[in-house]
Amino acid sequence: MVRQECTVENGHCVTGNGDCMTGNGKCAMINSDGLALVSPIDVSDMPSEAVGIDGVWYDVTQFKKIHPGGPIIDQYIGKDASTVFRAFNHDPAFLKRVKQVGRYKMAQHACDADFEKLRQYFTERGFFETDYVWYVMKAFVAMSWFIAGVTAVLAFDNFYIHMLGAVLIAFFFQQSGFIMHDCMHKTMTRQRIKDQFIGTFFGTVGFGMSSHWWHDEHIIHHIVTNAIDVTTKFVDPQMWELSWAQNEKLFPLFSGIFQYLCIKIQHITFVPFVVAIGRYEILTDSYRVERRWYEWIAIVLHWTWMIALLSQLPSWRERAIFYVILACVEGLFHFQLILSHYCKAFITMDEFHQVSWNAFQVLSNMNLHTYKFMDWYYGGLNFHIEHHLYPKMARKHLRTAGPYVKAVCEKHGIDYEMLSFVDALKKTLSHMKRVGAAYKYQSG
Ligand SMILES: [Zn+2]
Ligand SMILES: [Zn+2]
């Protein structure tokens with residue numbers, strides 16, 4: 001949590017000596033999690049449908065219909081979007097084409113200037129540029145897993161080697177997923193159409209889910225990480241499951257005996273659910289809502305090669321076991337992303353716009369402590385804090401960026417958490433147990 005240097009009385013900082021977390025000498029409010037809040041922006045004279053950047057209101061009435069990030073822009077109507085605008089490396093020249101409709105007084109947190117300085121430093125060091133040779137190697141590694149898995153099925157007549165093939169294909173899925181993730185953040189060629197085409201190849205044709213569906217959810221996850229609005233039933237979509245509650249703030253969204261029972265045993269069902277049904281859930285969720293024809297062509301291509309591969313196995317029993325093993329091994333990989341968020345801070349949308357976006361990215365994320373040679377396995381996302389703060393940073397630089405980010409966090413008293421995979425899993429399970437125990441039955 002952000003260190004409370006301020007003296008707090010009745011939820012208000014009364015220090016008033018310049019040590020306040022707002023950094024402007026004015027008193028800060030502190031929420032129940034100890035997060036420093038700045039005063040909400042006065043929007044009384046703001047024209048409707050405007051988003052604030054660097055003290056200027058921009059009319060987005062027309063632009064929001066074609067916003068590449070989708071309807072998430074609605075969450076920033078009447079709000080300051082300066083930090084998130086920079087985090088996604090939006091081109092400042094774009095703002096010249098948008099109508100200005102007024103000004104507002106910005107209220108920034110002390111840490112934001114330092115995180116911005118760090119961005120400029122990383123830019124100078126080339127951390128936001130693409131190393132094409134590195135990516136050719138990544139694509140080569142992913143395709144090697146695929147070729148090894150297919151060879152295990154086609155070239156051998158042995159059940160156990162066939163099952164090894166399923167494990168190898170799961171590793172192909174994992175590496176394809178990481179390439180898709182990079183592409184959907186537009187950090188490969190850094191051109192939208194090209195990156196989304198490559199991302200769809202690896203993510204949809206390779207991995208099997210709709211990459212654009214995933215992109216739509218993932219961008220929202222990045223912008224409003226671990227945020228909840230109970231009134232409108234809005235939740236960070238990658239932090240929402242019907243069968244468990246990661247945080248007490250989600251409780252108002254659950255009701256009925258089925259969800260009550262699920263939440264009460266969530267610490268027991270958590271691991272088997274993620275492993276056994278994680279893959280099926282993500283695929284069916286994406287198919288259910290996907291309407292883009294090009295994604296459906298890619299989905300058909302995925303199932304064409306998958307069915308062709310399964311047809312080479314000698315029996316239906318073996319085909320079923322092959323796919324179950326493949327799905328379970330791939331399910332294991334899901335833990336990494338879940339562990340980075342589940343036991344971390346959650347926040348209401350109202351408070352979200354009053355805390356430092358940068359500080360909350362650190363507080364709602366956890367890094368996994370791993371050896372450098374294992375970065376390929378975690379896809380660089382073991383440095384999840386750095387990825388969330390600087391989502392346009394090339395994956396190969398996330399580890400190098402880590403100590404710089406940690407230093408800024410230490411300077412501002414922001415908890416920068418990094419645990420081993422096992423410790424993160426233990427912490428998440430005990431967190432799920434504690435939250436489950438606190439849930440009280442609510443009728444539907
Ligand atoms: Zn994340
Ligand atoms: Zn991401």
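Where an unreviewed UniProt entry is consulted, the protein chain appears under the name Cytochrome b5 heme-binding domain-containing protein, with the organism given as Ridgeia piscesae.

Engineer: Can you lay out the overall build of the protein chain for me, pointing to particular residues and giving the numbers?
Structural biologist: Scanning the protein chain from N- to C-terminus turns up 17 helices and 12 strands. Buried residues in the protein chain amount to 39% of all 444 residues.

Engineer: Account for the UniProt feature "transmembrane region" (unreviewed entry) in the protein chain, with residues named and values stated.
Structural biologist: As annotated in UniProt, the feature "transmembrane region" (unreviewed entry) corresponds to residues 132-153, 159-176, 293-314 and 320-339 in the numbering used here. Secondary structure across residues 320-339 comprises 100% helix and 0% strand; the distance between its end C-alpha atoms is 29 Å.

Engineer: A description of helix H10 (residues 293-310) should follow, citing residues and the corresponding values.
Structural biologist: The end-to-end C-alpha distance of H10, which contains 18 residues, comes to 26 Å, matching closely the 26 Å that a straight helix rising 1.5 Å per residue would cover. By the burial criterion, the buried members of H10 are Glu-295, Ala-298, Ile-299 and Leu-309. Buried residues of H10, seen end-on, are gathered within an arc of 105 degrees and therefore sit on one face of the element. Exposed and facing more than 90 degrees away from the buried side of H10 are Trp-293, Val-300, Trp-303, Thr-304, Ile-307 and Ala-308. Looking at the buried residues of H10, the elements they touch are helix H4 (132-154), helix H6 (192-207), helix H7 (211-223) and helix H9 (266-289).

Engineer: With reference to specific residues and values, describe the sheet that holds strand S7 (residues 100-103).
Structural biologist: Strand order across the open sheet formed by 3 strands is S5-S6-S7, with antiparallel pairing between neighbours. Strands at the two margins of the open sheet, each flanked by one partner only, are strand S5 (50-53) and S7. On average, each strand axis in the sheet is tilted by 30 degrees relative to the strand beside it, whichever way the strands run. Bridge analysis of strand S6 (residues 56-59) against S7 gives 3 bridges, and the strand direction is antiparallel. Its bridge partner being in S7, Val-56 is matched across the sheet by Arg-103.

How each quantity is defined
Residues numbered from 1 in each chain as written. Chains lettered and ligands numbered in written order. Predicted model: local features only at pLDDT ≥ 70, side-chain atom pairs only at ≥ 80, totals over all residues. Helix = DSSP H or I, 4+ residues; strand = E, 2+ residues; numbered from the N terminus. Buried ≥ 20, exposed ≤ 12 C-beta atoms within 10 Å, placed from the backbone. UniProt positions renumbered as here; feature names shortened; annotations may be inferred. Expected span 1.5 Å × (residues − 1). Arc of directions from axis to C-beta. Contact = placed C-beta atoms within 7 Å. Pairing = 2+ DSSP bridges. Axes fitted to C-alpha atoms, helices over the stretch in contact; angles between N-to-C directions.

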